[in-house]
Amino acid sequence: MPRATTRPQPAGREPGAAPAAPLAPTPSQTIGPFFGYALPFPGGGQIAPAGHPDTVTVHGLVRDGTGAPVPDALLEFWQAGPDGSLTGAPGSLRRDPATGAVIGRDGLDFTGFGRVPTDADGRYVLRTLPATAPAGRPDAAPYLAVCVFARGLLHHLATRVYFPEHATANAADPLLAQLPTERARTLLARADGPGRYRFDVQLQQTADGTHEETVFLAFR
């Protein structure tokens, strides 16, 4: 004859007791930063496949509200593939099968993702394929999406990088079109030589107004 069974209860709970209340989320860090540990990986700034003829370089400086460079920030870049797809490809965080150590991307596939720490002078360098607009967004201009982690930030900041050669598309882009010209300019990289662009991230406007704060985005 079938026998009724009782589901085992977690330790510390009596059968029939009400479910435990959900745990509160872990608070954001208020000290640090800790970004130099575990997060950077070899080749994190090399999104373009090795030797790809269309590779472009995006570089710049991360500055704080005093205009000083931030030497221990971390930037993550996300972008659509050359066909506009957002699926990316696996391969950025490959591990050594023997040691388990992260050895970075395979150098063959475009994953659409990069993670770059700033150096001692607050600078970063990214090598990737030209930006494209996401598929299904005919009104959007080509851009790179950026997440910025830095000292003094309880939460990461989100922004975008647009490019000067797409002037017509930039003028019609839903985000850029709603910004005053001087604010939209903080999202525009500037040409810095053949296949090179400069894009600085200003975390806060300086007191003398020399450096205007980069536009940061809130997602709802």
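Look above for the structure.
Residues numbered from 1 in each chain as written. Predicted model: local features only at pLDDT ≥ 70, side-chain atom pairs only at ≥ 80, totals over all residues. Heavy atoms only, no water.

## Description of the overall build of the protein
A count of helical and extended segments in the protein gives three helices and nine strands. By the burial criterion, 36% of the 220 residues in the protein qualify as buried. Sequence-distant contacts in the protein: of pairs separated by 6 or more residues, those separated by 24 or more amount to 68%. For the protein, the computed accessible surface area is about 13,300 Å², with 57% contributed by carbon and sulfur atoms. (Helix = DSSP H or I, 4+ residues; strand = E, 2+ residues; numbered from the N terminus. Buried < 20%, exposed > 50% of the residue type's maximum accessible area, 1.4 Å probe, protein only. Contact = heavy atoms within 4.5 Å. Areas by Shrake-Rupley, 256 points an atom, 1.4 Å probe, with all protein chains shown as cover.)

## Some words on the side chain of aspartate 173
Along the chain, the position of aspartate 173 falls in the loop between helix 1 (167-172) and helix 2 (174-177). Although aspartate 173 is buried, it makes no salt bridge; arginine 160 carries the closest opposite charge, 4.5 Å away. A distance of 3.0 Å separates polar atoms of two side chains, one belonging to aspartate 173 and the other to tyrosine 162. A distance of 3.1 Å separates the side chain of aspartate 173 from the backbone nitrogen of leucine 176, its partner in a polar contact. Those residues within four positions of aspartate 173 in sequence are excluded, and the remaining contacts are Asp139, Ala140, Ala141, Arg160 and Tyr162. (Lys, Arg positive; Asp, Glu negative; His and termini not counted. Salt bridge = Lys/Arg side-chain N within 4 Å of Asp/Glu carboxyl O. Polar contact = N/O pair within 3.5 Å; in protein donor to acceptor, adjacent residues only side chain to side chain.)

## Description of the pairing of strand 6 (residues 157-162)
With six of six residues buried, strand 6 lies mostly within the body of the structure. Neither face of strand 6 is open: one carries Leu157, Thr159 and Val161, the other Ala158, Arg160 and Tyr162, and all of them are buried.

## A short note on the sheet that holds strand 5 (residues 143-149)
Strand order in the open sheet made by the four strands is 3-2-5-6, with antiparallel pairing throughout. In this open sheet, the two edge strands, each paired with only one partner strand, are strand 3 (113-117) and strand 6. Each strand axis lies, on average, 25 degrees off the axis of its neighbour in the sheet, ignoring direction. Of the pairings in the sheet, the one linking strand 5 to strand 6 comprises six bridges and is antiparallel in character. Opposite valine 146, over in strand 6, you have threonine 159 as the bridge partner. (Pairing = 2+ DSSP bridges. Axes fitted to C-alpha atoms, helices over the stretch in contact; angles between N-to-C directions.)

## Here we look at the side chain of arginine 160
Counting through the fold element by element, arginine 160 comes out in strand 6. When sequence neighbours within four positions are dropped, the list of residues in contact with arginine 160 reads Tyr143, Leu144, Asp173, Leu175, Leu187, Phe199 and Leu217.

## Thoughts on the pairing of strand 4 (residues 123-128)
Across the two faces of strand 4 the burial differs, with Tyr124, Leu126 and Thr128 buried and Arg123, Val125 and Arg127 not buried at all. Note that strand 1 (residues 56-63) and strand 4 share six bridges and pair antiparallel. When the bridges of strand 4 are listed, leucine 61 appears paired with arginine 123.

## Quick word on the environment of alanine 145
Checked against the element boundaries, alanine 145 lands in strand 5. Apart from residues lying up to four places away in sequence, alanine 145 is in contact with Glu76, Phe77, Trp78 and Thr159.

## Concerning the nonpolar core
Counting residues in hydrophobic clusters, the biggest one holds 28 residues, and the most contacted among them are Phe77, Leu144, Phe163, Val201 and Leu203. Counting only elements with at least two residues in this core, the list comes to strand 1, strand 2 (74-78), strand 4, strand 5 and strand 6. Residue contacts for valine 201: discarding those within four places in its chain leaves Leu61, Val62, Arg63, Leu75, Val148, Thr214 and Phe216. In terms of nonpolar packing, the next biggest core, distinct from the first, is built from eight residues, Tyr162, Leu175, Leu176 and Ala184 among them. (Core = buried A, V, L, I, M, F, W, Y, C linked by side-chain atoms within 4.5 Å.)

## Describing the packing of aromatic side chains
By the definition in use, this model includes five aromatic pairs. Judged by centre distance (5.7 Å) and plane angle (35 degrees), the ring pair of phenylalanine 77 and tyrosine 124 falls under tilted. Of this pair, phenylalanine 77 sits in strand 2 while tyrosine 124 sits in strand 4, and the two are 47 residues apart along the sequence. In this pair, the class of phenylalanine 77 matches that of tyrosine 124, namely buried. An aromatic cluster of at least three residues, connected via ring pairs, comprises Phe41, Trp78 and Phe113. (Phe/Tyr/Trp six-rings, centres within 6.5 Å; stacked < 30°, edge-to-face > 60°.)

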